[in-house]
Amino acid sequence: MPTAGAHLKPTAISQYVLKVHGRCDLACDHCYVYQHADQSWRVKPRSLSVATADIAARRIAEHAAEHRLPQVSVILHGGEPLLVGQDAMRGILSALAARIAPVARLDVRLHTNGVRLDERWCELFDEYAVRVGVSLDGDRAANDLHRRHADGRSSHDQVLQALDLLRQPQFRHLFAGILCTIDLANDPVAVYRALLAQRPPRLDFLLPHATWDDPPRRPAGRPHPYADWLLEVYRCWIRDQRPVPVRLFDSVLAAAHGRPSWTEAIGLDPVDLLVIDTDGSWEQADSMKTAFDGAPATGMSVHSHAVDDAAAHPGVAARRGGLAALCASCQACPVVRICGGGLYAHRYRSGKGFDNPSTYCTDLMEFIGQLTASPAEVFTLPSEQPPRLRHELPAGTLEAMAAGPGDVAVVTALAQARLSVTRMLVAAVGTAPHGRGDPELAAAAADGWALLCELDAANPGAVAEVLGHPYAYAWAIRCLSPPPDADAELDRAHLAGLAAAAAVRAGETTELPLPVRGGLIHLPSLGALEAGTSQDRTVRVSVAAGRAATQDGNTWQAVRRAAGPAFRVAVEDLDPFRDCQQWPATGRLSGPEWLAWTQGMAAADRRLTKLAPEYAQVLTAGLRCVVPLRPAAVGTRSATTRQAFGAVAIALPAHPGELDELLLHEFQHTKLYGLCEFYELFDRADARRIRVPWRADPRPVEGVLHGTYAHLALAQLSQRRGAVGHTAWLRYRDWVLGACEALWEAKALTAEGQRFVAGMLAAVDASRDEQR
Ligand code: SF4
Ligand code: SF4
């Protein structure tokens, strides 16, 4: 065995896998515990005793105190951990809590096959705040391929029942996610869809454990079939707008941007994990069981050795050696900082130990290459290396946003992050296979995509201006997930409009066909040419000297901007994809209507700058357009959509002060949508509904958070209005307090969500102090 890391000093260990039971009630034929090289389970006790668990907990607590660890994670594992029985499990959980919780935040998880999970187990896990992950390999056919009982019976129904239980409102907060082991025999998209249908809060895909001695199955002529499998899932996931975090994908993208990955299978981060087996022996990662018999052993035990002793074991230390501990091929590899040489166990070859690239090297190279740096086949504009799916937000962002207005730096960063995602989606539209029903529209789309790529290389700022328009994202989503009534070819041809708008902004001279929609030829973010009486589906448009024109000199309608002392916001009454809120948008505003809007916006700008300057600043930084809505019969009307960051939709209210409130209210939604791209404030798959003070019908968790955040802004604005705003302030304050309490009681929030809600509570409290 290589000893590259043997010279390393032990460092702190904060994650522990605690084997609470060594046998299983399933007999999966791909199981690395029983079916792979290491057979040490045969001589280990069946169960972890409470006494040994207590000693292990003491060792962990001592280590955490000595190294001042803020958090310790313990993953209860097996075999099948539920086989330990409820009494012993309670004893183990109680020992962990008693020893570790006084010195560090204790995060306990359990990984189960789901067969035995019932309400009693969930109640126990609720008591000890244990989050539960479940193994499922896809739909029934996929799962039955391996995950069967010893007598051949399927486990699928039992696992689905367990997942059903974890989705129940009273247990939903315990659901940690689903773990799926890949099998090439299974259709990747069907597997992904089946897992998504279980509404997990998180997914992960695992490569089946393998070594150079016992390599993964690879069909002839397919050099990287596992990468191909994963990339199919990845494309679906992107098209679905990343509906759930996927640990493997997120880890690759995080590592690509120099951030820690969330799995030891990816990246060069030091591995910070030890295993404690049922006899109390310290072991290396479970995946080592695939290498050779006895591979995970350290020869140490919690009965005789401290954590530092086990962490200093050469095999453990080798996994913390970073780049220097990798073989020469990996050290020279262009993607090594992302790949990290793959999972340690997957590098094993008899005679050479672990001093090799991963046996999945070709798959890792392809998968990482495609995800991070490929040209257009995988959703990146050709000039983009790599796509910046992940942006950094300034330190303290969550707290700054929770306080109400947030700040300009955060709002700017959120807009840039949205632009990155929009670029990726636009590229997905540009490179997607498409129909050839209408050659004119197909040509417009193809010419538009080609021009957009050229401009992106030559003048990326101009392309960014156009793709940064809020409705570029909404258009791309519509193309990738078309509604039943969509004219897909016409929608896709909008690529030409985007390209023409970018060419105008870049000052280029060019000519291309643009689609005609509703009598207009759109150059999004700039305006539209009237198509006149032409019945053609496309019209040739020339771009020169910063303007667009047709041969027939068609009339130009410009996007108009309402400029106040601070705001410079487009009143967007032209964009063909702006009508994606729940209320209908107006058509082109008449002269008097436009005048009312521009005067209203200027007055709102002046009032907000005076009364709530911190809100005015973020509106100035982040609000790109207001879409006029058709007025409601009674009262005000406004909306925001997740699909248009930087846009709000409002029916111009009759009373001047109401526009201030609507702008603030809706822009809070925009900011929160953006923030949720970075933070998991709540479990997105949680389908529960919660009662709120401002509506009769219970709302989904996301809706409650949004409403609370919007009302916080209104509470703060009302407070600034003094005596005039006192009644409104009382109302909004009570709404914020009531909703925060309901969210808290429902246990509907993640740790980040709790911080956010605590911040809102503090902010509304502070407004109470000011009111006094
Ligand atoms: S459920 Fe897990 S531990 Fe049990 S046999 Fe299957 S893979 Fe192995
Ligand atoms: S892709 Fe292959 S060579 Fe490159 S770091 Fe990963 S395992 Fe090593």
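Scroll up a little and you will see the structure.
Just so it is clear, the model here is predicted, and its values are computed rather than measured.

Trainee: Just to check I follow, could you spell out the overall build of the chain for this structure?
Mentor: If you tally the helices and strands in the chain, you get 26 helices and 22 strands. Burial analysis of the chain (772 residues in total) assigns 57% to the buried set. When contacts within the chain are restricted to residue pairs at least 6 apart in sequence, those whose partners lie at least 24 apart make up 72%. When the accessible surface of the chain is summed, it comes to about 30000 Å², and 52% of that surface belongs to carbon and sulfur atoms.

Trainee: Sorry, what's going on with the site of ligand 2 here?
Mentor: Cys330, Cys333, Val335, Val336, Cys339, Gly341, Pro357, Ser358, Cys361 and Met365 make up every residue found near ligand 2. Only α12 (336-339) and α13 (361-373) provide two or more residues apiece to the shell around ligand 2. Of the residues that constitute the shell around ligand 2, the class distribution is 8 nonpolar, 2 polar and no charged.

Trainee: How should the state of the cysteines be read in this particular structure?
Mentor: Working definition of a disulfide: a covalent bond connecting the sulfur atoms of two cysteines. On inspection of all chains with the given rule, the structure shows 0 disulfides. Considering cysteine sulfurs only, cysteine 479 is the nearest to cysteine 453, which forms no disulfide, with 15 Å between them. The class for cysteine 453 is buried, based on a relative accessible area of 15%.

Trainee: Please explain the environment of arginine 23 as it appears in this structure.
Mentor: By the element assignment, arginine 23 lies in the loop between β1 (15-19) and α1 (50-66). For arginine 23, a relative accessible area of 15% corresponds to the buried category. Note: C-alpha distance between arginine 23 and isoleucine 521 (498 residues apart in sequence) is 68 Å. When neighbours within four sequence positions are excluded, arginine 23 is seen to be in contact with Tyr34, Trp41, Arg42, Lys44, Pro45, Arg46, Gly79, Glu80 and Leu83.

Trainee: Looking at this model, I keep getting lost on the packing of aromatic side chains. Mind explaining?
Mentor: For any two aromatic rings, the description comes down to two numbers: the centre-to-centre distance and the angle of the planes. With the rule as written, the count across this model stands at 16 aromatic pairs. Ring centres 5.2 Å apart and planes at 85 degrees place the aromatic pair tyrosine 226 and tyrosine 360 in the edge-to-face group. In this pair, tyrosine 226 sits in helix α7 (residues 225-239) while tyrosine 360 sits in the loop between α12 and α13, placing the two residues 134 residues apart along the sequence. With respect to burial, tyrosine 226 and tyrosine 360 carry one shared label: buried. On the numbers, 5.0 Å between centres and 45 degrees between planes, the contact of phenylalanine 292 with tyrosine 348 is tilted. Placement of phenylalanine 292 in the loop between β8 (281-283) and β9 (297-301) and of tyrosine 348 in the loop between α12 and α13 is noted, with a sequence separation of 56 residues between them. Judged by relative accessible area, which is 11%, tyrosine 348 ranks as buried.

Trainee: I'm lost on the packing of helix α17 (residues 460-467) against helix α20 (residues 494-506) in this one. Help?
Mentor: Interaxial distance between α17 and α20 falls to 8 Å at its minimum, and their mutual angle equals 130 degrees. Here α20 runs oblique to α17, going by the angle between their axes. For the pair α17 and α20, the sense of crossing is right-handed. On α20, the residues touching Ala462, Val463, Glu465, Val466 and Leu467 of α17 are Leu498, Ala501, Ala502, Arg505 and Ala506. A breakdown of the residues in the contact of α17 with α20 according to their chemical character gives 8 nonpolar, no polar and 2 charged.

Trainee: Where do I start with the sheet that holds strand β13 (residues 538-544) in this structure?
Mentor: Two orientations exist for strands paired in a sheet by backbone hydrogen bonds: parallel and antiparallel. Pairing within the open sheet is antiparallel, and its 3 strands lie in the order β10-β13-β14. Unpaired on one side and paired on the other, β10 (510-515) and β14 (547-550) mark the two borders of the sheet. Each strand axis lies, on average, 35 degrees off the axis of its neighbour in the sheet, ignoring direction. With respect to the sheet, helix α16 (residues 439-458) is in contact with β10 and β13, its orientation differing from that of β10 by roughly 135 degrees. The sheet contacts of α20 involve β10, β13 and β14, and relative to β10 the element is tilted by about 145 degrees.

Trainee: Help me understand the pairing of strand β5 (residues 175-181) in this model?
Mentor: The side chains of a regular strand alternate between the sheet's two faces. For β5, the tally of buried residues reaches 6 of 7 residues, placing the bulk of the element in the interior. Sheet topology note: the strand β4 (residues 130-135)/β5 ladder contains 4 bridges and is parallel. Residue pairing in the sheet places valine 134 in a bridge with isoleucine 178 of β5. With 4 bridges joining them, β5 and strand β6 (residues 203-206) adopt parallel strand pairing. Bridge pairing links threonine 181 to leucine 206 in β6. With respect to chirality, the unit in which β5 leads through helix α6 (residues 188-196) into the neighbouring parallel β6 is right-handed.

Trainee: Could you clarify how one ought to interpret the sheet that holds strand β11 (residues 520-523) in this entry?
Mentor: Ordered in space as β11-β12-β15, the 3 strands form an open sheet in which the pairing is antiparallel. Strands at the two margins of the open sheet, each flanked by one partner only, are β11 and β15 (556-558). In this sheet, adjacent strand axes meet at a mean angle of 25 degrees when their direction is disregarded.

Trainee: Quick question: what am I supposed to make of the site of ligand 1 here?
Mentor: If you check the shell around ligand 1, you find Cys24, Leu26, Cys28, Cys31, Gly79, Asn113 and Arg147 and nothing else. Of the residues contributing to the shell around ligand 1, the split by class is 4 nonpolar, 2 polar and 1 charged.

Trainee: In this structure, what is going on with the packing of helix α21 (residues 591-611) against helix α22 (residues 613-622)? I would like to understand it.
Mentor: The axes of two packed helices give the description: the angle between them and the distance between them. Viewed as axis vectors pointing N to C, α21 and α22 meet at an angle of 130 degrees, and their least axial separation amounts to 5 Å. Accordingly, the angle class assigned to the pair α21 and α22 is oblique. Of the residues in α22, those touching α21 at Leu608, Thr609, Lys610 and Leu611 are Pro613, Ala616 and Leu619. Grouping the constituent residues of the contact of α21 with α22 by class yields 5 nonpolar, 1 polar and 1 charged.

Trainee: Help me out: how do you make sense of the environment of leucine 705 in this one?
Mentor: Its place among the elements puts leucine 705 in helix α24 (residues 701-720). Beyond its immediate chain neighbours, meaning those up to four positions away, leucine 705 contacts Leu672, Leu681, Phe682, Leu743, Leu749, Phe756, Val757 and Met760.

Each value, and the rule that gives it
Residues numbered from 1 in each chain as written. Chains lettered and ligands numbered in written order. Predicted model: local features only at pLDDT ≥ 70, side-chain atom pairs only at ≥ 80, totals over all residues. Heavy atoms only, no water. Helix = DSSP H or I, 4+ residues; strand = E, 2+ residues; numbered from the N terminus. Buried < 20%, exposed > 50% of the residue type's maximum accessible area, 1.4 Å probe, protein only. Contact = heavy atoms within 4.5 Å. Areas by Shrake-Rupley, 256 points an atom, 1.4 Å probe, with all protein chains shown as cover. Near = heavy atom within 4 Å. Nonpolar A, V, L, I, M, F, W, Y, C, P; charged D, E, K, R; others polar. Disulfide = S-S within 2.5 Å. Phe/Tyr/Trp six-rings, centres within 6.5 Å; stacked < 30°, edge-to-face > 60°. Axes fitted to C-alpha atoms, helices over the stretch in contact; angles between N-to-C directions. Parallel < 35°, antiparallel > 145°, perpendicular 65-115°, else oblique. Left-handed = near helix turned anticlockwise from the far one by under 90°. Pairing = 2+ DSSP bridges. Right-handed = clockwise from strand over helix to strand, strands pointing away.

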